[in-house]
Amino acid sequence: MKKTASLFISFLLVIMLAGCAAPATNSVVLDDYRDLPWQSSRSFSSETSTYKVTDYVLGADGKTAITDDDSYLKFTLTQSKLNTGTEDAPVEITVLNLKTDFMISYKGSTEKSEIHSESTFKRDGLYAISTVKEVVTPSASYYFEADYDKGEAKYATTKEQFQNGETRTLTFTPGNYIDNEIIYYYIRAMKGLTDTMASSSTFSQEFAVVNWFECFNKYQSFHKGELVTSEMAVTSVKSLSSQDYWENVKVEDPDILLGFDDEFKLTENNELKSHYVAIMLTENGRTKGQPFYAYYAQGAYKGGENIRCRNILTKMVTYYSRGEDLQKEPPEFNNAIEFVLSDFESK
């Protein structure tokens, strides 16, 4: 089953929503940099989360999987030191690096689509330092490198063209930006979400991200010479199954449940109690477009001595459809893509 490039890129993985907004200053309060959800009360080295990816066709009789079982998404988060000064005056800071590997293939087709990216960002504030990303689909691709400290981004249609110097360049004012590649970890580190987990209440937060795919296309930043950010909002939503702001997410590997307290898991069903949120584009204070849904585990994961991870992302869901169905009122969605936690490891 072959997907067109425009359709494929519009619903993949990261929040690639349409719209245009002026650059905004984030007012988000994050957990203290010494007590982030993935390194609470310990010396953090790395964390890896793997997800099974399934594309479903939606119908009156339910949903039918059309992807092969080898489709997956993997986030690998590591911590290191980076010299941001000069040789004569070195300034070493602690940084985080998020590596994303994604592959999706469809039944009856030998073609597959892949995404690989690496984003480096500051531990304090989670502000972007650099991002490199490559997207390859059966019918289109792109490659870019962005240096936030330098204030420069370059992109090309393929990595080979990029390496041959066939690039377009955008210069922008260096500053504190949040890169779209880390959006799930940014939300995970919000103090509002952490407080919600502890109190079983709700939260709502607005923020802004740099979405380079939109800068290449919708915003036409590389033609207009202006970097544009997307204004976003994340808010608690009620689950249809529980009528509360949480849902029991069935994970792929029951061993993941071993590190959680009994009150946060249903071992007979391989389920984890997870807070349910919608991530949306906003414009002029109003939400716009189809939300992307994410589920964060309640309770801490204790995988070993001094290992305690909070707010683990257990599931993501997005919907997409053909253009003519999106024009209907209300819009109709033909497919849903689910990303379900299949493996987790922290060191």
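Note: the structure precedes this text.
Computed from a predicted model, the values in this text were never measured in an experiment.

> Which parts of the structure should I look at to understand the packing of aromatic side chains?
What characterises a pair of aromatic rings is the spacing of the ring centres plus the angle enclosed by the ring planes. Across all of its chains, the model carries 28 aromatic pairs by this definition. Pairing Phe102 with Phe339 gives two aromatic rings, centres 6.1 Å apart and planes at 40°, and the pair type is tilted. Taken together, the positions of Phe102 in strand 4 (residues 92-105) and Phe339 in strand 19 (residues 335-346) put the pair 237 residues apart, joining distant regions of the chain. Here the aromatic rings of Tyr293 and Tyr319 are separated by 6.4 Å at their centres, their planes lie at 80°, and the arrangement is edge-to-face. Of this pair, Tyr293 sits in strand 15 (residues 286-297) while Tyr319 sits in strand 18 (residues 313-320); the two residues are 26 residues apart in sequence, bridging distant segments of the chain. A relative accessible area of 17% places Tyr293 in the buried class. For Tyr319, a relative accessible area of 30% puts it in the partly exposed group. A connected cluster of aromatic rings, assembled from ring pairs, spans Tyr142, Phe144, Tyr148, Tyr155, Phe172, Tyr177, Trp212, Phe213, Phe216 and Phe222. The aromatic ring of Tyr295 is capped on one face by Lys315, whose charged end is 5.3 Å from the ring centroid.

> Would you take a moment to explain the pattern of salt bridges for this structure?
Opposite charge on two side chains permits pairing when their charged atoms draw close. For the coordinates displayed, the defined rule picks out 11 salt bridges. For Arg310, the salt bridge identified is with Asp31, shortest N-O distance 3.7 Å. Placement of Arg310 in the loop between strand 17 (307-309) and strand 18 and of Asp31 in the loop between helix 1 (5-11) and strand 1 (46-59) is noted, with a sequence separation of 279 residues between them. A salt bridge links Lys191 to Asp195; its shortest N-O distance comes to 3.7 Å. Taken together, the residues span about one helical turn, with Lys191 and Asp195 both in helix 4 (residues 191-199) at a distance of 4 residues. With a relative accessible area of 37%, Lys191 lands in the partly exposed category.

> Explain the pairing of strand 5 (residues 112-122) to me, please; I cannot follow it from the model alone.
The side chains of a regular strand alternate, residue by residue, between the two faces of the sheet. Pairing analysis gives 11 bridges linking strand 4 to strand 5, with the strands arranged antiparallel. Each bridged residue has a counterpart across the sheet, and for Phe102 the counterpart in strand 5 is Ile115. Counted along the chain from strand 4 to the antiparallel partner strand 5, the turn is 6 residues long, and its residue Gly108 has a positive phi close to 80°. In this structure, strand 5 lies alongside strand 6 (residues 128-136), joined through 8 bridges in antiparallel fashion. Looking at the pairing, His116 lines up with Glu134 of strand 6. As consecutive antiparallel partners, strand 5 and strand 6 are separated by 5 residues, and within that stretch Gly125 has a phi angle of approximately 95°, a positive value.

> It is not clear to me how the nonpolar core should be interpreted in this structure. Could you clarify?
Nonpolar side chains in soluble globular proteins tend to be buried together. Counting 78 residues, the largest nonpolar core has Leu126, Met190, Phe207 and Trp212 as its most contacted members. Of the residues forming this core, the biggest block, 5 residues, is contributed by helix 3 (residues 183-188). Setting aside its immediate chain neighbours within four residues, Leu126 contacts Leu30, Leu36, Trp38, Leu96, Phe121, Tyr177, Ile178, Ile182, Tyr185, Tyr186 and Ala189. Core analysis: the second largest hydrophobic core is formed by 8 residues, Val237, Val249, Tyr276 and Tyr295 among them.

> Please explain the environment of Pro37 as it appears in this structure.
For Pro37, the position within the fold is in the loop between helix 1 and strand 1. Take Pro37: its relative accessible area is 0%, and that puts it in the buried class. In this structure, the C-alpha to C-alpha distance between Pro37 and Ala189, residues 152 residues apart in sequence, is 6.1 Å. Residue contacts for Pro37: discarding those within four places in its chain leaves Asp31, Arg188, Ala189, Arg308, Cys309, Arg310 and Asn311.

Here is what the cut-offs are and how they apply
- Residues numbered from 1 in each chain as written.
- Predicted model: local features only at pLDDT ≥ 70, side-chain atom pairs only at ≥ 80, totals over all residues.
- Heavy atoms only, no water.
- Phe/Tyr/Trp six-rings, centres within 6.5 Å; stacked < 30°, edge-to-face > 60°.
- Helix = DSSP H or I, 4+ residues; strand = E, 2+ residues; numbered from the N terminus.
- Buried < 20%, exposed > 50% of the residue type's maximum accessible area, 1.4 Å probe, protein only.
- Lys NZ or Arg CZ within 6 Å of the ring centre and 35° of its normal.
- Salt bridge = Lys/Arg side-chain N within 4 Å of Asp/Glu carboxyl O.
- Pairing = 2+ DSSP bridges.
- Core = buried A, V, L, I, M, F, W, Y, C linked by side-chain atoms within 4.5 Å.
- Contact = heavy atoms within 4.5 Å.

Function cannot be read off these values alone, since they describe shape.
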